[in-house]
Structures are given as structure tokens and as C-alpha cells.
Amino acid sequence: MKKGSITIFLSLVLVSVLLLVSIITEAARMNVVQTECKGFTYLASDSVLAGYARQIYTDYGVLLVWEDKTIKEQLMKYLQANINLADLNPSGTNIMATRLKDINIEKTNYVVRNGGEDFIKQVLSYMKYAVATEAVSKLINLYSNNSNQKKSDTSGYMVNVEEKDSSEIREIVDEINNRIKNLQGRNIKKELKTEKKRTGFLKYINKIIEKIKIYKEEKKEFLKENRGKSGNDYMDSNFKILEQIKNTMEREELIESGNLKEKWKRIGEEISTQVKSLTVKTSTEEDQKNMGIYENAKKLLEKGILSLVIDDVSNISSASISDSNLPSKKDYNKTTSFNNITDKAKMVMYAGMKFGNYRNVKKKSSLSYELEYMIAGKDNDRSNLTATVEQMVSIRNMTALAYLLTDQKKMAELSSIASSASTAVGVPFLEPIIKAVLTEAWALAEAINDVKIMMLGKKIHFIKNSGNWKTGLRSMLAVQNNASDKKGDINYQQFCYLLLMKKSIQTITVRMLDMIQMNVKKNYNHLFDINQCFTGFCLKAVYESEPLFVSMPWVIHNLGQKIGTYSFAVKCKADFKSGGK
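The rules behind these values
Numbers given to residues run from 1 along each chain, matching the order in which its sequence is written. pLDDT decides what is reported in this predicted model: residues at 70 or higher carry local features, side-chain atom pairs at 80 or more are listed and counted, and totals for whole chains, interfaces and linings draw on all residues regardless. Hydrogens and water are ignored here; the side-chain numbers use all heavy atoms of the structure. Starting at the N terminus, helices and strands are each numbered in turn, a helix being any DSSP run of H or I of at least four residues and a strand any DSSP run of E of at least two. When accessible area is computed with a 1.4 Å probe and restricted to protein chains, residues below 20% of their type maximum are described as buried, those above 50% as exposed, and intermediate ones as partly exposed. Only heavy atoms enter the contact rule, under which two residues are in contact if any of them lie within 4.5 Å. Here the open area of atoms and residues is found with the Shrake-Rupley method and a 1.4 Å probe, where only the protein chains shown may cover a residue. Only one rule defines a salt bridge in this text: a Lys or Arg side-chain nitrogen within 4 Å of an Asp or Glu carboxyl oxygen. Note on aromatic pairs: the rings of Phe, Tyr and Trp (six-membered ring only in Trp) are paired at centre separations within 6.5 Å, and the planes decide the class, stacked below 30 degrees, edge-to-face beyond 60, tilted for the rest. Think of it as a cone above the ring: NZ of Lys or CZ of Arg counts as a charge over the ring if it is within 6 Å of the ring centre and within 35 degrees of the ring normal. Space inside and on the surface of the protein is sampled on a 1 Å grid over the protein atoms alone, with a cavity defined as a set of points where a 1.4 Å probe fits but cannot get out and a pocket as an open set with protein on both sides within 12 Å along at least 5 of 7 lines; lining residues have an atom within 4 Å of a point. Grid points are joined across faces, edges and corners, and a volume is the space filled by probe spheres set on the points.

Novice: Lay out the overall build of the chain in plain terms, naming residues and giving numbers.
Specialist: The secondary structure content of the chain amounts to 20 helices and six strands. Looking at the chain residue by residue over its 581 residues, the buried ones come to 46%. In the chain, the proportion of contacts linking residues at least 24 apart, taken out of those at least 6 apart, comes to 80%. Of the accessible surface of the chain, which amounts to about 29700 Å², a share of 50% is contributed by carbon and sulfur atoms.

Set out below in C-alpha cells:
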């Protein structure tokens, strides 16, 4: 009896020990399983990121993964392979007894989201080591100096005034001038001797006055139709003199006291002096030459800029694109936290390092002029180059015009030629308009010369002054070598940087992504889609594990029930910065 009690006691103790050991072992196993699954998840995430596009990294120094297969499919493949490898004894008991139940991709960091924010982060990280801080500061200073230049207050509105409707006015001016010439050729004293002669003379004066009134009305209407601004000319002075003569004669005719003969002799002398002061302009050979300068200036303002800065336009690239799937054409949320000028300068310099331009064409690129595409956003090289050159000329034109208006010597020359040309035109009030056209054309010619020098691969002076002004008013399009080798002066690519700095960082980024997509499609994989590229993701992997040690008979019998399947989840954030942690 005593021996039986001991046996029962020892049996109970043994079962309790086995139960405790099984539960502890199961808990330890599950801890190992969860740790292993966590490792599997991290490893699988890193494996997905390891599939980055090597060609993009080689060409552009950024890490992107193309989602040609869904992230979930790739993760399931890697996770299942890791789980299978964990079973070191396939023919025996699988200590893991684990399977992947589901994967939920909670977030994917596509490179195009938020205006390409993740791409910007990688570029800025790359540029920490790719370019010196001094170079970035120099670009910012250059941009700031250019932005601080204010547009000059010139008579630019007059440039739009045309002469196509001025023939009638010219006829009126010719008639007025002929009448005044005739008047100046008369003997005024004799014209005033008798009342009859005075009446005829006054009638002649009134005819000239009426013609000038008609001229003034036509002038007003002409300027209104052509958006010009009214101003005084020599016809206004003539009108005042003639009105004074008329008023004097009418007043004196009413006064009959005194010696009439002596009175009209005196008045005749006064009127003779006034008549001589009347202005009559006749066109000379010099006026016609100056008129030619004016005509050339108008033609210059009407010409296409590209043909003026490039001698042989037939050599311009004809490459074009027709991809409707570009990031710049997608309706993404184009906002990013990167908006300071330093970040933008780094992005611009990165663009200059990795992409080509007119002076430095990259091989195997979809467009030859890539920086120009980022500036203009057109679908072909010619349009992009044209838009870029026009912007360059516009900026240099503003710089040249600002200086030109301060140069007294040049402005005096402009005034002289404008006055002479207006005489040849035969329309006096066009003088300020002609001067405005000549001023704008001269500044434009100087700007074209500057840009042409840059297109030839040379530098130009950034600040315009008398020492580096090269074009002449009489030969505006004669090419002058205005190149500079001084430190601080700029070349074509640096000028492209200035134009890019005027764009938003989002615009620069998405057009850069456009170029990457087009170039990768052309050179490596025609199915490539950068809209499907990502730099990271967040996931939640759900695992299931079958009970092992708690499935033993002594556990089940003592617990009174069968243990169900374990289920647990592992969350993971994977990107190129965190390294899958």
C-alpha cells in the first residue's frame, strides 16, 4: 500500500514536471519562432530593396526599385523561401511549424509622390559629396543678383505702334509744310499793306491752322488705335505761333486809331519774325540713312531669336518625345517640404551634372537638350532650345536696356537718329516712338550678341557696362566677340542654371524624372515606368504557427482541451535610408 502511494505520487510529480517543461519549451519555441519570423520579414524587405534598378543608380546615383511585380508578390516569395530554409530536417519534425498567412502593404513610398520628395532627398544626400559648398553659394549669389535687377522704365509700350495707317497723316504734314514754306517765302510787310491783302493773308493763316487741327485729330486717333501715348511735336509749336499771328491781326483790325500804315508796318515786322520761327522739316540724305536704321531695328524686333543666335539652324536636333505616361503629365499632389533656395540650387547643379544641354549633349539620351527640356517642358528639342534661348535673350535684354538708359552718350545718339528718322518718315509725333524702337532694338542686339557668344561655348560678362558693350547702332547684327575669361562670368550651362532657378523645385524634379524614364526606356527596358518606382514601404506580415510541445497527450489531457493555432503579426518599415529596420 505504501509502495503504491509512492508510485502514484511520483507519477503525479512526473506529469506535472512534463507539463511545466512542455509549456516552458513551447513558450521558448514561440519566442524563437517570432524572432525568426521578424528576421525573415526584415530580410525579405531588404531583398525587395536589393532589386533596385542598377542602371538608374549607375547613371544618376539614386536608388529606385521598379515595381514590375507587386511588392506583396515579391515579399511572399522571399518570406516563404526563408520559412522553408528554416526547416533544417525536412524528413523529421519541423520545429518552426510556421506558415505565412497574409501580407498587408500599408504604405508605399512611390518616387513621384509629393512632387518627387523621396527623389529630392536622395539627390540632396548625393550632392553633399558631389559638389563643393562654395559652388552652391556662387549659384545662389548669381541668381540673387540677377533677380534683383529691376525692369527699366522705358517707353516699351511705344514699340507696338505701327505706321501702316499713317499715309493720310503724311499727306497732311506735307501740305502743312508746303504752306509754311510758301508763307516763309512771302514779303509779310507787303501782305499787310491794305485791308484786302490782310484779309487774304489771314485767310491763308487760317487754312494752315485748320490743317494743323486736322493733323492733331488724326494724330490722336492714330495713337489711340495703336496704343501709343500722345506728346508734343513741332507742329504744336507751329500751331501756337500761327494762333498768335491770327489773334494779333484780328485784334488790330478792330483798332482803327493812330497811323494805320505805321502800325501795320510794325506788326508786319513782328509777324515776319514769327513766321521765320515756324519749323519746317525736309528730309535729307542723312535722314533717309537714319530711316534705314529704324527700319532695320523694326525688322530685328520681328525676327525669330533662334536664327539670330545660331548661324546654322539645320544642325539643331530634331529629337522629340510622345510619352503620355511621364510624371509631369500625371495629376499627382505636387507639394513638397523642400522649398528653400539652397535645396533648389543643389537640385539644379545635380541636373547639370547628370543631364545634357546644347553645349554638352549626352550620348544615348532621348532628347539632346535635357536641361532645356527642364526649363521649357516642350516635347521636342527645337522648341525647348528656342524657348530657352528666348528666355536668355530676354534676361540679357533687360540687363542691356537697364545700362543703355543710363549711358548719356548712347541716348544722345539715339535721340539724334530718332529725330532724323521721324523727318524722313514725315510724321513728327513718331519721334519718341522711333526712339523707343531704336532703344529696344539696340538693347536686343546686344543681348543677342551675348547669347550668341555663349552658344559658341564662351563666357560673357554678367554685368553690362561701357567697357563690354560691343554692338553699334548702325550695325546691330554685326557679330562682336564679347567673350570673357574672368572668374565670375558665366557660360551657357551656368545661364541654364539661372533659368532653372526661376522654376519651382517640384517642376525641376518631375521633369528630371521625365528624362530618367525616357532614357531608361530607350537604353535598357522599353516597358520601364518610373511612376511605379518606389524607395520604401511599410508592411504588416501575419504568421501562423501550429502548437508543438503543448500538443503532447499529457498536456492536452491535463488542460482538458486542444491548443489552437498561434497567430501573430510583424510590422516592418523598409527604405533605403533605414535599411529595412
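Novice: Quick rundown of the pattern of salt bridges? Include the residues and the values.
Specialist: Scanning the model with the defined rule gives 24 salt bridges in all. Across the salt bridge formed by K216 and D236, the nearest N and O atoms sit 3.7 Å from each other. With K216 in helix α8 (residues 195-225) and D236 in helix α9 (residues 234-253), this residue pair connects regions lying 20 residues apart in the sequence. On the accessibility criterion, D236 (12% relative accessible area) is buried. We note a salt bridge from E270 to R266, for which the minimum N-O separation is 3.4 Å.

Novice: Quick one: what's the story with the packing of aromatic side chains, residue by residue and with numbers?
Specialist: For the coordinates displayed, the defined rule picks out 13 aromatic pairs. The interplanar angle of 65 degrees and the centroid separation of 5.5 Å between the aromatic rings of W66 and F528 together place this pair among those described as edge-to-face. Residue W66 is located in strand β1 (residues 65-66), and its partner F528 is located in the loop between α19 (505-523) and β5 (533-545); the two are separated by 462 residues in the primary sequence. Members of the aromatic cluster, connected to one another through ring pairs, are F119, Y126 and Y350. We note R186 situated over the ring of Y204; from NZ or CZ to the ring centre the distance is 4.1 Å. A cation over a ring is seen here: K216 above F239, with NZ or CZ 4.5 Å from the ring centre.

Novice: Break down the layout of surface pockets for me, citing the residues and quoting the values.
Specialist: When its volume is computed, the largest pocket comes out at roughly 530 Å³. D118, K121, Q122, D575 and K577 are, among the 17 residues lining the largest pocket, the residues nearest its centre. Elements that contribute at least two residues to the lining of the largest pocket include exactly β2 (98-110), α4 (113-130), β5 and β6 (566-575). Looking at which element gives the most residues to the lining of the largest pocket, the answer is α4, with six residues. The calculated volume of the second largest pocket comes to roughly 320 Å³. The wall of the second largest pocket is formed by 18 residues, among which G51, Y52, A53, W66 and D68 lie closest to the centre. The greatest single-element share of the lining of the second largest pocket, amounting to three residues, is contributed by helix α2 (residues 54-60).

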